[in-house]
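In case you want the letters, here they are:
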Amino acid sequence: MIGVSIIMNSLESCSPLNYYESSIEQGKIIVPISKFIEGNNMVLIKNEKLEYDIALISYPNQQFKAFELKCTHQANSLVVTKTGFYCNLHGSSYNLNGKVINNPATTNLKEYILTTNSESITINL
Ligand code: FES
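So, a few notes on the structure that sits alongside this text. Note that the structure is a prediction, hence the values are computed from the model and not measured. (Residues numbered from 1 in each chain as written. Predicted model: local features only at pLDDT ≥ 70, side-chain atom pairs only at ≥ 80, totals over all residues. Heavy atoms only, no water.)

1. As for the packing of aromatic side chains
Condition: Two rings belonging to Phe, Tyr or Trp (six-membered ring only in the last case) form a pair when the distance between their centres is within 6.5 Å. Interplanar angles under 30 degrees mark stacking, angles over 60 mark edge-to-face geometry, and anything in between is tilted. Secondary structure follows DSSP: runs of H or I at least 4 residues long count as helices, runs of E at least 2 residues long count as strands, and numbering of each begins at the N terminus. A 1.4 Å probe rolled over the protein chains alone gives each residue an accessible area, and that area as a share of the maximum for its type sets the label: buried under 20%, exposed over 50%, partly exposed in between. Placement of a charge over a ring requires the Lys NZ or Arg CZ to be within 6 Å of the ring centre, with the centre-to-atom vector within 35 degrees of the ring normal.
Overall, the coordinates contain one aromatic pair when judged by the stated rule. Between Phe36 and Phe64, the aromatic rings sit 5.6 Å apart at their centres with planes inclined by 45°, giving tilted as the arrangement. Taken together, the residues span a long stretch of sequence, with Phe36 in the loop between strand E2 (28-32) and strand E3 (42-46) and Phe64 in strand E5 (residues 63-68) at a distance of 28 residues. Since its relative accessible area comes to 13%, Phe64 is described here as buried. One Lys or Arg, Lys65, reaches over the ring of Tyr59 and ends 5.8 Å from the middle of that ring.

2. Concerning the side chain of Asn18
So the rule is basically this: Residues adjacent in sequence count toward polar contacts only when both atoms are side-chain atoms; beyond that, a polar contact is any pair of N or O atoms within 3.5 Å, and within protein one must be able to donate a hydrogen and the other to accept it. The criterion used for residue contact is that any of the two residues' heavy atoms lie within 4.5 Å.
Relative to the helices and strands, Asn18 resides in the loop between helix H1 (2-12) and strand E1 (19-21). Look at Asn18 and you get buried, because its relative accessible area is 11%. Polar side-chain contacts of Asn18 include one of 3.4 Å to the backbone oxygen of Met42. Setting aside residues up to four positions removed in sequence, Asn18 forms contacts with Lys35, Phe36, Ile37, Asn40, Met42, Val43 and Leu44.

What follows is the structure, given as structure tokens:
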């Protein structure tokens, strides 16, 4: 019962993940700013042509960053946590700026070049 309680508490404390099934056109993914829902500063981009999901994060002052959710240690898919990204293969973790905060990974996450306007964010793959 204690184990179940711990799992339930950790699930309740997480924000729901905000997924967006995008299309890719000419090597670009366009994400409407409206896809950011209140209380959640992250949109997780999925597409069958992408080997790894992309996390698009909104920061204060209309700043955005997008990271490939691929561990830089041995290419495992990353799990989203409240404070960043975690690799459940060997325990590396990254903060919400894509920086390594726990080894064995030593390289920060791949960051995509973005183009923004008042209505959308374009991720250049
Ligand atoms: S593959 Fe992610 S820590 Fe090793």
